[in-house]
Every structure is written in structure tokens, then in C-alpha cells.
Amino acid sequence: MAKITLSNLRHSYYPAPEKRDDYALKNIDLDWEDGGAYALLGPSGCGKTTLLNIISGLLTPSEGRILFDGKDVTDWTPGRRNIAQVFQFPVIYDTMTVYDNLAFPLRNRGVDPAHIDRRVQEIARLLEVENMLDRRASGLSPDNKQKLSMGRGLVRDDVNVVMFDEPLTVIDPHLKWKLRSKLKELHQRVKHTMIYVTHDQTEALTFADQVVVMDEGEIVQIGTPVDLFARPAHTFVGHFIGSPGMNVLPCELRNRGAFFQGSPVPLEGPVRADASGRAEIGIRPEFVTISDAGLDAVVVKVSDVGRHNVVQAMVGDTKLAAIIEGDVPHKGESVKLSFRQDQTRLYCDGWLATEI
Ligand code: ATP
């Protein structure tokens, strides 16, 4: 296993890129620590696969270097980089048994048969396929096939990193949670560096110790799941993580204070001295309450989502969401809304612009 450093990476699929938007990866500087459980989270087209292919060596970046434990591997072939990859769809040999499928990556490298057997048994136990070892892979259910595919990625103990590219896409929703928690457990046991690529926040937040959030070819925040929820560094993170996501409300900045629909809004702390550009307030629905005093609002929708209600209301021409426990107003009712001050942030041009 190795620490993986991405230094000043940029990548364009155009032969002669000129402007910033010509780059699928804009400027990536990142260390993946040895043994970490990472998720790479972002919407379709943000550059996740491009980044993964650059780490695995399938793609050479237009600019920048890739280092494994400080050694420059940018020009190394995928084989030499010693990486295991698990894809969206199972990659297994249908005609082989489960045992032989798991043993294959080790036999291929001439590993001692006794060690192969120990390792296959161990991984099979962890994945709960030990009673299927003699079965042909062709007869397995789709989720067991994908488990086997994961097992093939995990069976080698000499890899620098195991990368999972949306591995639960083909799995039934009710089995997803099971495999997700299994993978987390596997990481704790095998201690490989793992990078899990997904556009699904639940998958990212349950698997990873550190989540790397990408948007439009840039890393917008790296943090624990709690960090990302508690203090989003960018409105994209606030909106992408959470259900519903953070309210992002256009506001005016006057004398270093924020005004929303003409009313002053107390912020978590002072506005950064260099704050400028498009100003927005970020407040999560969890911290918007209906109170006796506050912003005048009209309820436009109430959705019962089980544990609580999501109330959508208009303040002037802007819609926002509030998560309300207990009594809820009805559609059309006039209410007053207030924001919890220590959770109310200013963002300028998308980036966090308040200090604490
Ligand atoms: P998805 O989740 O849909 O796979 P992604 O986050 O992995 O998306 P990438 O596939 O890395 O994103 O794509 C990043 C950008 O690069 C997109 O704008 C995409 O259209 C572009 N792109 C990807 N592959 C190529 C290619 N071979 N040639 C040209 N442009 C490409």
C-alpha cells in the first residue's frame, strides 16, 4: 500500500486546450493517505472517471505528476502501478468456480499455493461466499457475482490501492446497504487504501472516513461526512449533501452584513475581508424554524417524509425548505421563519465567506 499524491494535475481531452472549461480536470492537488477509506463523490460528468483512470495509469494527464510514496509513477504502465480495480459490472470468469475466480489474481502472480488458499478462504469468509467456493460463477445471483468481483479486487495483499468505480450500480436496492456496510468492515480488516467512486451521497458517507467532493473538474471540499454536513465549504457541497440539501438564498451584502429579501440576517461570524462577487446565504433546512418573529413566509408545500415534515415556503420570490418536527402549518398559511445564527453562512461566488 502507498500514499498517493496527485500534484498539479490538469487534464483535457482536447489536443490544444485554451480556456479553463477545456479541461475535464482543472487543478487537482491531493494526498490519499496510506490505508485511508476515501470516497470520490460528485455528479455525472464532474471528472471522477478521468481522475481514476489517471491514478490507474489508463490515462496520462495533460499536466502534473502522480506519486506513490513520493516516487513519480506518472509514466508507469497500469500493470507496474499495482492497483486493483472493481468496476460497475462484475468482472469474473463465468466458467470458473468461485474459488478459482478468487485465486486467479494470485495464481497469475505466481503466489505460493498455501498462501493463495489462506487468502481465498479469508476473503470468502469476509464476503460470506465461503459456502459457494465450489460453485461455478455463472450460476450466482447478480449480487453474489458483484461480491465475487469485489473479492477479486481485495484478494491481493500487495496492491497500492483498491479502487471501486460505482460498484453497487447493478445491486438490488435492498441489498445495497448490506454490501456497503460489508465493504466498510472489509476496509477495517484488510486496511488497504481504498477509493470508492460514486455519485450517491449515502454510499459515500457510509463507506468513507474522508469524502472528496468534486464538481466541474475541481475538488470543492475534502472532509469527514460530519464536516461536509456541518460546514460546507461551497454551496455545491451544501446542496449536494443532505436531504433536502442546504438552502442557498440570493442576498445582498451591505456594510459587511447580509440582507435577504430586504431583511438583515445574522451570520455565524464576520464576513471575510476579501469577500466579493455573487452573495448567497446558506442555511440547512434542519436549522430553519417556524417562530413568533422572523421572516414573513407563505407555505407552498408540506411533505410528510416519515420521521419529520419538509415544509417549503416562499419568502418574497425565493423558495426555501424547513425540516419541521411536530405540528406543521398547512399549505397557504402565513408563517414567520427564523434561521439558527451559528448555522447561517455567507457564500460569495459559491465559496464560504464567513469566519468563526
Ligand atoms: P460519470 O459519473 O457520468 O461517469 P464522471 O464524473 O466520471 O461522470 P468523466 O467521465 O471523468 O466524469 O468526464 C469528465 C468530463 O470529460 C465530461 O465533461 C466528459 O464529457 C468529458 N470526457 C470524458 N471522457 C472523454 C473522452 N474520452 N473524450 C472527450 N471528453 C471526455
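A. How the structure looks around the sheet that holds strand S6 (residues 83-86). The sheet built from 6 strands is open, its strands ordered S6-S7-S8-S3-S9-S10 with mixed pairing. Looking at the sheet topology across the chains shown, the edges are occupied by S6 and strand S10 (218-223). Neighbouring strand axes in the sheet, compared pairwise and without regard to direction, differ in orientation by 20° on average. Taken together, the 4 bridges between S6 and strand S7 (residues 161-165) define a ladder with parallel strand orientation. Counterpart to Val86 in the pairing with S7 is Phe164.

B. Seen up close, the layout of surface pockets. By volume, the largest pocket amounts to about 470 Å³. Lining the largest pocket are 18 residues; nearest its centre among them are Ile83, Ala84, Gln85, Arg109 and Arg156. Where the lining of the largest pocket is concerned, the elements lending two or more residues are helix H2 (78-81), S6, helix H3 (98-107) and helix H5 (142-154). For the lining of the largest pocket, the residue count by class is 8 nonpolar, 7 polar and 3 charged.

C. Highlighting the domain arrangement of the protein chain. Assigned domains of the protein chain: these are domain 1 (4-232) and domain 2 (243-352). Here the C-alpha centre of domain 2 lies 38 Å away from the C-alpha centre of domain 1. Contact residues are listed per partner, giving 7 residues for domain 1 and 9 residues for domain 2. Summing the contributions of domain 1 and of domain 2, the shared interface buries around 720 Å²; its carbon and sulfur component is 50%. Linking domain 1 to domain 2 there are 1 salt bridge. On the surface where domain 1 and domain 2 come into contact, there are 5 residue pairs in polar contact (both at pLDDT 80 or more). Secondary structure elements with two or more residues in the side of domain 1 that touches domain 2: S10 and helix H8 (225-230).

D. Representation of the packing of H3 against helix H4 (residues 113-126). At their nearest, the axes of H3 and H4 sit 10 Å apart, and the two run at 130° to each other. As the angle between them shows, H3 and H4 are arranged oblique. As H3 runs across H4, the sense of the crossing is right-handed. Side by side, H3 and H4 meet where Tyr99, Leu102, Ala103, Leu106 and Arg107 of the first sit next to Ile116, Asp117, Arg119, Val120, Gln121, Ile123 and Ala124 of the second. Here the residues of the contact of H3 with H4 sort into 8 nonpolar, 1 polar and 3 charged.

Cut-offs and rules
- Residues numbered from 1 in each chain as written.
- Predicted model: local features only at pLDDT ≥ 70, side-chain atom pairs only at ≥ 80, totals over all residues.
- Heavy atoms only, no water.
- Pairing = 2+ DSSP bridges.
- Helix = DSSP H or I, 4+ residues; strand = E, 2+ residues; numbered from the N terminus.
- Axes fitted to C-alpha atoms, helices over the stretch in contact; angles between N-to-C directions.
- 1 Å grid on protein atoms, 1.4 Å probe; cavity = no way out; pocket = protein on both sides within 12 Å on 5 of 7 lines; lining within 4 Å.
- Points joined across faces, edges and corners; volume = space filled by probe spheres on them.
- Nonpolar A, V, L, I, M, F, W, Y, C, P; charged D, E, K, R; others polar.
- Domains from an automatic or database assignment.
- Contact = heavy atoms within 4.5 Å.
- Buried area = accessible area lost by both parts, 1.4 Å probe.
- Salt bridge = Lys/Arg side-chain N within 4 Å of Asp/Glu carboxyl O.
- Polar contact = N/O pair within 3.5 Å; in protein donor to acceptor, adjacent residues only side chain to side chain.
- Parallel < 35°, antiparallel > 145°, perpendicular 65-115°, else oblique.
- Left-handed = near helix turned anticlockwise from the far one by under 90°.

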